[in-house]
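Geometric and topological summary
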Amino acid sequence: MKLILLIDILGTVAFAISGVLTALNKRLDPFGILIIAFVTAVGGGTLRDILIDVPVAWMRNLTYVYVIVGSAIFAVVFRKRLGYIRKSLFLFDTIGIALYTIVGVEKGIASGFPPVICVALGTMTACFGGVLRDILCNEIPIIFRKEIYATACILGATAYFLLHNTPLKEDFIVIISGAIVIIVRLLAVSFRLSLPNIYTKQEME
Amino acid sequence: MKLILLIDILGTVAFAISGVLTALNKRLDPFGILIIAFVTAVGGGTLRDILIDVPVAWMRNLTYVYVIVGSAIFAVVFRKRLGYIRKSLFLFDTIGIALYTIVGVEKGIASGFPPVICVALGTMTACFGGVLRDILCNEIPIIFRKEIYATACILGATAYFLLHNTPLKEDFIVIISGAIVIIVRLLAVSFRLSLPNIYTKQEME
Amino acid sequence: MKLILLIDILGTVAFAISGVLTALNKRLDPFGILIIAFVTAVGGGTLRDILIDVPVAWMRNLTYVYVIVGSAIFAVVFRKRLGYIRKSLFLFDTIGIALYTIVGVEKGIASGFPPVICVALGTMTACFGGVLRDILCNEIPIIFRKEIYATACILGATAYFLLHNTPLKEDFIVIISGAIVIIVRLLAVSFRLSLPNIYTKQEME
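What counts, and at which threshold
Residues numbered from 1 in each chain as written. Chains lettered and ligands numbered in written order. Predicted model: local features only at pLDDT ≥ 70, side-chain atom pairs only at ≥ 80, totals over all residues. Least-squares fit on C-alpha atoms with pLDDT ≥ 70 in both. Contact = placed C-beta atoms within 7 Å. Helix = DSSP H or I, 4+ residues; strand = E, 2+ residues; numbered from the N terminus. Nonpolar A, V, L, I, M, F, W, Y, C, P; charged D, E, K, R; others polar. Core = buried A, V, L, I, M, F, W, Y, C linked by C-beta atoms within 7 Å. Buried ≥ 20, exposed ≤ 12 C-beta atoms within 10 Å, placed from the backbone. Axes fitted to C-alpha atoms, helices over the stretch in contact; angles between N-to-C directions. Parallel < 35°, antiparallel > 145°, perpendicular 65-115°, else oblique. Left-handed = near helix turned anticlockwise from the far one by under 90°.

Its rotation angle being 120°, the transformation that places chain B on chain A also includes 0.0 Å of axial translation and leaves an RMSD of 0.0 Å. Both chain copies can therefore be described as sitting about a three-fold axis. Closest to the rotation axis within chain B is the C-alpha of Asn138 of chain B, separated from it by 3.8 Å. A different interface surface on each copy is seen, since only 16% of the contact residues of chain B are contact residues in chain A too.

Below, the structure is given as structure tokens:
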């Protein structure tokens, strides 16, 4: 499906740019920026492929490599003006997360893993690029402190898995579960929802 | 062997709780706590399985997943009272380390690796969950600074490997080498033994 | 080729010692020092082998293990006098990087990966041991901030790949592309060349 390819590329662009922004913030040099862009964009999928022991996707398909290098150069050159496209980036990012989640669940199902593991693989595909980016930049992964989209991924991945066993058409299932990821994330951001705070006031001091 | 399964589960509980405690200390949110619990409990075994290129154990056997999620919830809810079971946790942890070490050596032997590598795989299985926990929490791994049980694992793993070539029965070998890990660790903790300090007073300032 | 084996060992020595020095700087204990020496020396190749899904080299060939343990003990004992052999170490390190780069490209070609990926695998083999060393020591990888030799590796790896398709003899190709890595690095260090600074004065404050 051409649409999926387009979404995949837009998601990769958004992830790579998020990597570049973190790297610029840490004043990394061009080589460091490129590596962080790369890891942010493909890190989650790479970990997934290693865990399920299938060939790592980006090593055989250079589209990702070119898209990431292009996005990184673009983001460095226009870094002062990225504010203008912040909303577009956020949208690409959200759509990318939805797609990455679904790709992860699908790969898990294709390799015959149990449901919980498939959901975990979907979430990992969408979230662990950011985790690796933060580790390489010597930060506690932001997704562990201020949950941004892991819940959205878990819900979307679960929906995909449940619908997968119904007679619904594949395309339709992708759209529904992708929409769940996107809507939950947009709602969470709009209403500043987050996971319940488990710390007492005293503990937070 | 049912006993081994029980020990394995108690070890997983202790490791997961140790992960939760570190995560709580860093004020991570529920998603972060769960991931750290998971990585602490299965990280060492996962790295081992990837290095020797066999399927990752917890991805096919959901017992671990349920035990870890249950332990994490328990530890978060009762975190103020975990002090009361600190001794039990320490015991589970020590027994868990012994078992993890043996499982690692056994897997190395089964894949035909040389002795030194088998001992390294056993030690890695027991110790690297904690290393990954500390990296994700942005700390230098505690086991690199203040050696707690790596030596116990290395001694127990070496014993297992040596006895493995004798006509002794498997169960007996497991018990002996497991006991070595446990006793060395208990002695080290009781008498505050650690690896020799290689730094001069001047260097430590 | 005996020469290649010798260079490989000298490179491993230099990498292991660089790991020991970082670990000593962080006041790690003997176990931590050994692990960091190990990771620095074999981390890049391990990541490469996992990504291309071939057996991890040092797990079947104990030469590396012995060389690393020996180098680590040597470096700890003589740490006050390592200054005297700093130039030799730098030379070993540079030659080691050149060789690691070539080994990485060769393995990529042997597994049939596309050119860009082969160059990336060569660079990764030479550079990621240091990245893992810095992550384990809780630092932003130095190679991301102050590019030291990644460019040299990329140029040498590209040369190797290009020459590989000519009728030139293998030995000759190895020598040329290795020399490129070495010369570029020596020039960069002598003339304090680095990647262009992309930050404005204002941003660096």
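Moving on from the model shown.
A few words now on the interface of chain B and chain A. Counting residues at the interface gives 19 residues for chain B and 22 residues for chain A. Taken together, the elements giving at least two residues each to the side of chain B that touches chain A come down to α2 (30–51), α4 (63–77) and α6 (115–136) of chain B. The dominant element in the side of chain B that touches chain A, judged by the number of residues it contributes, is α2 of chain B, at five residues. When grouped by side-chain class, the residues that make up the side of chain B that touches chain A number 14 nonpolar, two polar and three charged.

Turning to the nonpolar core, a few remarks are in order. Counting 200 residues, the largest nonpolar core has Ala37 and Cys153 of chain A, Ala37 and Cys153 of chain B together with Ala37 and Cys153 of chain C as the members making the most contacts within it. Sequence-distant contacts of Ala37 of chain B, defined by excluding residues within four places in its chain, comprise Ala16, Gly19, Val20, Ile68, Ser71 and Ala72 of chain B.

With that settled, the discussion passes to the interface of chain A and chain C. Taken together, the 19 residues of chain A in the interface contact 22 residues of chain C. The set of elements that each furnish at least two residues to the side of chain A that touches chain C consists of α2 (30–52), α4 (63–77) and α6 (115–136) of chain A. Grouping the constituent residues of the side of chain A that touches chain C by class yields 14 nonpolar, two polar and three charged.

Here the focus is the environment of Pro55 of chain B. Looking at the secondary structure, you find Pro55 of chain B in the loop between α2 and α3 (57–60). Sequence-distant contacts of Pro55 of chain B, that is, excluding residues within four places in its chain, are made with Asp53 of chain A together with Asp49 and Arg60 of chain B.

All names here are of chain A. If you check the backbone angles, Arg27 has positive phi at about 60° while not being a glycine. Along the chain, the position of Arg27 falls in the loop between α1 (2–25) and α2. Judged by the 16 C-beta atoms lying within 10 Å of it, Arg27 falls in the partly exposed class. At Asn138, a residue that is not glycine, the phi angle is positive and equals roughly 60°. Tracing the backbone shows Asn138 in the loop between α6 and α7 (142–145). The exposure class of Asn138 is partly exposed, given the 15 C-beta atoms found within 10 Å.

This part covers the packing of α2 of chain A against α4 of chain A. Residue and element names in this part refer to chain A. Direction vectors running N to C along α2 and α4 enclose 130°, while the axes themselves pass 10 Å from each other. Taken together, the axes of α2 and α4 lie oblique to each other. Crossing of α2 over α4 shows right-handed handedness. Together, Ile33, Leu34, Ala37, Phe38, Ala41 and Val42 of α2 and Tyr64, Ile68, Val69, Ser71, Ala72 and Val76 of α4 make up the contact between the two elements.

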